[in-house]
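Below, each chain spelled out in residue letters.
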Amino acid sequence: MQAAWMIAASLFFALMSVCIKYASPHFSALEMVCYRGVIGIVFTGMLARSRGIGLSTPVPMMHVWRNLIGVTALAAWFYGIAHLPLATAMTLNYMSGVWVAAFLLGGTLLTGRIADLRRQGPLVLAVMAAFAGVMMLLRPTLAQDQLFAGLIALISGLLSALAYIQVAALGRVGEPAARTVFYFSAGAALAGGIGMLFVERHPLHSVHALWLLPIGVLAALGQLCMTRAYTRGATMIVANLQYSGIVFAALFGLLLFGERIEPIGWLGIAIIIASGIVATILRARALPNLPAEEH
């Protein structure tokens, strides 16, 4: 099921990006981060209550660490979006899948588990192939005066990978997805709210503010699905399938905004899809019933 959860998460995040595109002329990035977090708090709080899930946690510091790196990664990504071409910012952020593969492979090498190394090698290649497909689809560029912003966006991908691994760790200690997403939403609302103290704030009594509701709900749904994927599935597979979000975003851009996909971009989409299928099949054949890796 981890494949279905991650594909669903990618779809929700892509739909959220569409709403952000419509809302961005009327609200700053910090405002959208804050309101996204507030709506996420309400949504996941109601979901947790309906399922009888308490919000108190036995591992508060794990949530603090997940929020610290996750919110920092989100802020770094928004900085990259503001100062880089969108394709470049997205590519550098989506290097998180490559970082996840590197961390897991490095952990395997350090612990000397040769059997795991043989199993993970083809999966690492699948992740790298998917990232190559992303490069072909987005074709990022970086000017000399954008090197600092490029570094920040690259760091956002690195921190995102650490956040995803921390999500998997929270799942292994028994934290429900609704509670994990609730605390992340609280962290985003707090960080965005503090940031709003230093930027111009826009009124909420306009029709454009309606876009904030689907942004928050879709972000919460995406986080819930992503959390389930990382806590219940094979980490390497989930990192690979994360690239399906780029495919969804490109197709939405084509259908809704008239953005053009070049032939090399269609080839990149095909590579992303094929690598996800191959990685899932490899994993299923090797260890069909294994839960998330213990990394």
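Note that the coordinates shown come from a computational prediction; the quantities given were computed from them, not determined experimentally.

1. Looking at the confidence of the model for the chain
Point 1. Of all residues in the chain, 89% attain a pLDDT of 70 or more, and the chain-wide mean is 84.
Point 2. Residue range residues 287–295 is modelled with pLDDT below 50. Its contacts to residues more than four positions away, or to other chains, number 27 contacts.

2. Focus: the packing of helix α8 (residues 177–196) against helix α9 (residues 212–232)
Point 1. Put simply, α8 and α9 touch, their axes get as near as 9 Å, and they point 130° apart. Taken together, the axes of α8 and α9 lie oblique to each other. For the pair α8 and α9, the crossing hand works out as right-handed. Residues A177, A178, T180, V181 and F184 of α8 lie in contact with α9, whose contacting residues are A220, Q223, L224, T227 and R228.
Point 2. For the contact of α8 with α9, the per-class residue count stands at six nonpolar, three polar and one charged.

3. Re the packing of helix α2 (residues 29–50) against α8
Each pair of packed helices can be summarised by the angle the axes make with each other and by the distance between the axes.
Point 1. Packing of α2 against α8 leaves a shortest axis separation of 7 Å and a crossing angle of 150°. Here α2 is positioned roughly antiparallel relative to α8, judged by the angle of their axes. Between α2 and α8 lies a crossing whose hand is left-handed.

Analysis parameters
- Residues numbered from 1 in each chain as written.
- Predicted model: local features only at pLDDT ≥ 70, side-chain atom pairs only at ≥ 80, totals over all residues.
- Heavy atoms only, no water.
- pLDDT = per-residue confidence, 0-100.
- Contact = heavy atoms within 4.5 Å.
- Axes fitted to C-alpha atoms, helices over the stretch in contact; angles between N-to-C directions.
- Helix = DSSP H or I, 4+ residues; strand = E, 2+ residues; numbered from the N terminus.
- Parallel < 35°, antiparallel > 145°, perpendicular 65-115°, else oblique.
- Left-handed = near helix turned anticlockwise from the far one by under 90°.
- Nonpolar A, V, L, I, M, F, W, Y, C, P; charged D, E, K, R; others polar.

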